[in-house]
Structure formats: structure tokens, C-alpha cells
Amino acid sequence: MAFNIALSGLNAASADLEVISNNIANVNTTGFKNSRAEFADLFQISRYGTAGSKTGSGVRLADVAQQFAQGNLEYTSSGLNMAVVGEGFFTIRTDSGLAYTRAGNFQLDNAGNVVLPQGGNLQVYPPDGIGGFRQTLSNLQITTSQGAPSATTTATLGVNLDATSVPPVTTPFDPLDPTSFNHSSPFTSYDSLGVAHETTVYYVNTAPGTWDAYMTVDGAAAGGPLPMTFDASGALTTPAGGQLAFPAFPLTNGANPLTITADVSGVTQFGQASANSALVQNGYAAGRVTTIDIDDSGIVSVRYSNGQSTALGRVALADFANAQGLQQIGNTMWAETNGSGQPVYGGPGTGDFGQLQSGALESSNVDLTQELVKMIKAQRNYQANAQVIQADNTLTQTIINLRS
């Protein structure tokens, strides 16, 4: 009997060493979670429900429990590297279905998909086209094509026109003659092909509190005069709503005609020198991808050289009622089981999900010093059980010698 008990102790100590060895071997594995061998004693139960041996029958490996404590963050130079700070797993689509991981060492494949080095596509919530995200999972793909241009349709002008202005000495208005106008607001506009055009709105005083507005595109007349009037407090009264709708300006480069409405609702007429304070137009040229941004809420965006950005999706995290019930499938990934419960999905920073840290990786949570101490203890346990076998063997040999 002692042989069998000590043998179970040897097997338990060996299993403990295997778990410790695996932890130590993965001390530098990104996203790895260490495990702990848990044991239970053995008793033989008789058919009457009582213990067959009051000394017990040995020990068995009850479970290899995964420890999902947070690992330290290691910062990197890759914007595609991500770490979850708090609860949640990255959701990965593999050839075998969905898997879950804490390893965020993502990279691009030759098709622009965001994948793990060992394979598997990162899952995100795709944009819904109205500023939000659909609650369906899809592969994250980074487009490297140029961002399409957008034609200028509005220009918001912040201007003060000098209330002491008098009509120009030269008539009619001529954009090349500064004596034929009182003030101007130049800005760059863009056509439907993304070509830039030098655009200017000119202001000509016609009487106290009354002005005419003209516009030119690349030096050519593009509309006007359009009247502007101000009340005794210097506030704009005409046009109603503060919108100057200039006519469509035809272009010769194949682009659509420029149709620009100037928002002059912020234009004032005070007793100060005419000056521009704000000039904002809504068009932009084509742009190439310059950076990939991932914020702490998991929104992945590409930023273009024209200053625009486009959201490509929001990282989908998964959590489980019992994370220790997940099945390890290798490559620092886990699969859902009945014991883990079904995954609950959500975005970083929502509900119980942790925040996302881009440009960082979660390192293994293995404490090497602790594992070495556990290894010494397991070794001692193994040696002690081996000594029991040796002692029992000596006793048995003594009995055999007595009989002889």
C-alpha cells in the first residue's frame, strides 16, 4: 500500500514540475498566463460509505488552474501592438472558429488584414456609416489606398469690416486694383478632384452699413455683387441666415463646377480696422495614409496627409463568467467551453471591460522567482516520496529475508 501511495506522490510531484516547467519556459511569451497545479487527497471508500483506509490512499492532480492576473506592460514602437488593461480578451477568427487571447502583437498581412504572427484575424465592430459601429464582428483590414478628396462647398468667414469705411475711389470693382475694394478674405478651396484653387471674397463698401461681396477663383470672377447690410450695433442683417450663395464656377480640368456658399454670419461691422479672424472651408485634397491610430476605447482610425481621418472599426473584446473554464488551444489562445460560459462582447472601456493601450504589449504574468521556489518544493516532494518507496522496499526485503 505504501508503494502505491508514494507512487501517487511521485506522479503528483512530477505533474507539479511539468506545470512549473511550462510556466518558466513561457516567462517571455507575450500574453501568457501562468498555471498552478492543484491536488486532492485520495481515500478508498467501502461499499458501506466509510473510508477503507484511515491513512488515505495517496494524492491526485485535481486541476491545472489558469491564473489570469494582469501582466506588466511593455511599450513598443508599433502602433498595431495592443494591450488590454483590465478585463477582456481580444477576439480572433481562426480557421477553426473564434478564439480569444491576451497577446496583442498584431501585424499586417499582405492583404492589409490585422493578424497575429501565428495566424488569426483581429475582430472589430465595423463602422455603420453614421458615426457609430455595427454590433457584428468582422476582420479588421487597414486600407493603404489614398483618401478621396472632397470639394469645397462652404467657407466660414470670421471678419470685422471697419464701420468708418467709405466707398472705394475706383469703380467698378477690379480684383487686381486694391483701390476698388475695402477688404478681402483669401482662402484655398478644393474641387472634386482635390485640386487646390486660390479663392478670395472681396468686400466693397457702397454706403454706411452697406457692402457688396464678390468672389474670385484663381483670379477669375466667380460671382457677385451680393449685398451685406449691418444694423446700428454692427450686427449682420442681410443676407438672412448669413449665407452668401455664390453661383457655380465652371472649371476646365474636368472637375465638377465649384459651388461655394460663404457663411458670413460671424462677420461684424465695428469701428476697428478691417481684419480676418477665422477662415475655414470644408474641402480637402486627396491624401495618403500617414499613421494608424488606436485610442483607449479601441477605435482604429487611419490618418491621411490631408489632415482627415477615417474610423475603420472598434476592437471587440470578449469576457467570460468563468475564465478559468477556457480551454487552452496553444499559441496563447483559448477557446470557449461549457465551463467558461458563452462570451460577452463589448468595446474597451464599456461595462466591465478594461481600457486598451496601443503601442504596448502585455507580458507574461509568470513570476520567475516564485516559480523557482515552487520548483525546489516540488523537487523536495519528489525526493521525499522516493525515500518512502526506498524505505518500504527495505521493509519488504527484511520480511522476505525473515521468511527465508
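This text follows the structure it describes.
Procedures and definitions
- Residues numbered from 1 in each chain as written.
- Predicted model: local features only at pLDDT ≥ 70, side-chain atom pairs only at ≥ 80, totals over all residues.
- Heavy atoms only, no water.
- Helix = DSSP H or I, 4+ residues; strand = E, 2+ residues; numbered from the N terminus.
- Rg over C-alpha atoms; globule rule 2.2 N^0.38 Å.
- Buried < 20%, exposed > 50% of the residue type's maximum accessible area, 1.4 Å probe, protein only.
- Contact = heavy atoms within 4.5 Å.
- Areas by Shrake-Rupley, 256 points an atom, 1.4 Å probe, with all protein chains shown as cover.
- Lys, Arg positive; Asp, Glu negative; His and termini not counted.
- Charge placed at Lys NZ, Arg CZ, Asp CG, Glu CD.
- Core = buried A, V, L, I, M, F, W, Y, C linked by side-chain atoms within 4.5 Å.
- Salt bridge = Lys/Arg side-chain N within 4 Å of Asp/Glu carboxyl O.
- Phe/Tyr/Trp six-rings, centres within 6.5 Å; stacked < 30°, edge-to-face > 60°.
- Pairing = 2+ DSSP bridges.
- Axes fitted to C-alpha atoms, helices over the stretch in contact; angles between N-to-C directions.
- Patch = residues over 30% accessible without salt bridge, like charges linked within 9 Å, V, L, I, M, F, W, Y side chains within 5 Å.
- Expected span 1.5 Å × (residues − 1).

### Topic: the overall build of the protein chain
Broken down by element type, the protein chain carries 2 helices and 29 strands. Its C-alpha atoms give the protein chain a radius of gyration of 37 Å, more than 25% over the compact-globule value 22 Å for 404 residues. Viewed in the frame of its principal axes, the protein chain has a C-alpha envelope of about 140 × 45 × 40 Å. The buried share of the protein chain, reckoned over its 404 residues, is 40%. Within the protein chain, residue pairs in contact and separated by at least 24 positions form 60% of the contacts whose partners lie at least 6 positions apart. In the structure as shown, the protein chain presents an accessible area of about 20700 Å², 52% of it carried by carbon and sulfur atoms. Seen as two clouds, the 15 positive and the 29 negative side-chain charges of the protein chain have centres 26 Å apart.

### As for the nonpolar core
The tendency in soluble globular proteins is for nonpolar side chains to be buried side by side. The biggest cluster of nonpolar side chains holds 25 residues, and the ones touching the most others in it are Leu157, Tyr203, Met228 and Val264. Mapped onto this core, the elements with two or more residues apiece are strand E11 (154–160), strand E13 (196–207), strand E14 (210–217) and strand E16 (226–230). Considering each element in turn, this core owes the most residues, 4 residues, to E14. Beyond its immediate stretch of four places on either side in the chain, Leu157 contacts Phe187, Val201, Tyr203, Ala262, Asp263, Val264, Gly266, Val267, Ala278 and Leu279. Core analysis: the second largest hydrophobic core is formed by 23 residues, Val84, Phe90, Ile92 and Leu122 among them.

### Looking at the pattern of salt bridges
Taken as a whole and assessed by the stated rule, the structure comprises 5 salt bridges. Notably, a salt bridge pairs Arg36 with Glu38, separated by 2.5 Å at the nearest N-O pair. According to the relative accessible area criterion, Glu38 is partly exposed, its value standing at 26%. The shortest N-O distance in the salt bridge between Asp293 and Arg303 comes to 3.2 Å. Taken together, the positions of Asp293 in strand E21 (residues 289–294) and Arg303 in strand E22 (residues 299–304) put the pair 10 residues apart, joining distant regions of the chain. Residue classification places Arg303 among the partly exposed residues on the basis of a relative accessible area of 36%.

### Re the packing of aromatic side chains
Within the structure shown, the criterion is met by 10 aromatic pairs. Ring geometry for Phe68 against Phe89: centres 5.6 Å apart, planes inclined by 80°, an arrangement best described as edge-to-face. In this pair, Phe68 is assigned in the loop between strand E2 (58–66) and strand E3 (73–75) and Phe89 in strand E5 (residues 89–94), connecting sequence segments 21 residues apart. When its relative accessible area of 23% is taken as the criterion, Phe68 is described as partly exposed. Residue Phe89 is classed as buried on the basis of its relative accessible area of 4%. Relative to Tyr202, the ring of Phe181 lies with its centre 4.8 Å away and its plane at 70°, an arrangement referred to as edge-to-face. With Phe181 in the loop between E11 and strand E12 (183–190) and Tyr202 in strand E13, this residue pair connects regions lying 21 residues apart in the sequence.

### Focus on the sheet that holds E11
One open sheet accounts for 4 strands, arranged E18-E19-E11-E20; its pairing is mixed. The two strands at the open ends of the sheet, each matched to only one other strand, are strand E18 (243–245) and strand E20 (275–281). Each neighbouring strand pair of the sheet contributes to a mean axis angle of 20°, computed without reference to strand direction. Where E11 meets strand E19 (residues 261–263), 3 bridges bridge the pair, whose relative direction is parallel. Bridge assignment links Thr154 to a residue of E19, and that residue is Thr261.

### Notes on a nonpolar patch on the surface
On the surface, Phe39, Leu61 and Val64 cluster together to form a nonpolar patch covering roughly 220 Å² of accessible area. Relative to the helices and strands, Phe39 resides in strand E1 (residues 35–42). Looking at Phe39, the relative accessible area reads 34%, which means it is partly exposed.

### Structural notes on helix H1 (residues 2–25)
Given a rise of 1.5 Å per residue, 24 residues ought to cover 34 Å, and the 34 Å separating the end C-alpha atoms of H1 matches this to within 8%. Turning to H1, its buried residues are Ala6, Ser8, Gly9, Leu10, Ala12, Ala13, Ala15, Asp16, Val19, Ile20 and Asn23.

Spatial relationships are all this shows, so hold off on functional conclusions.
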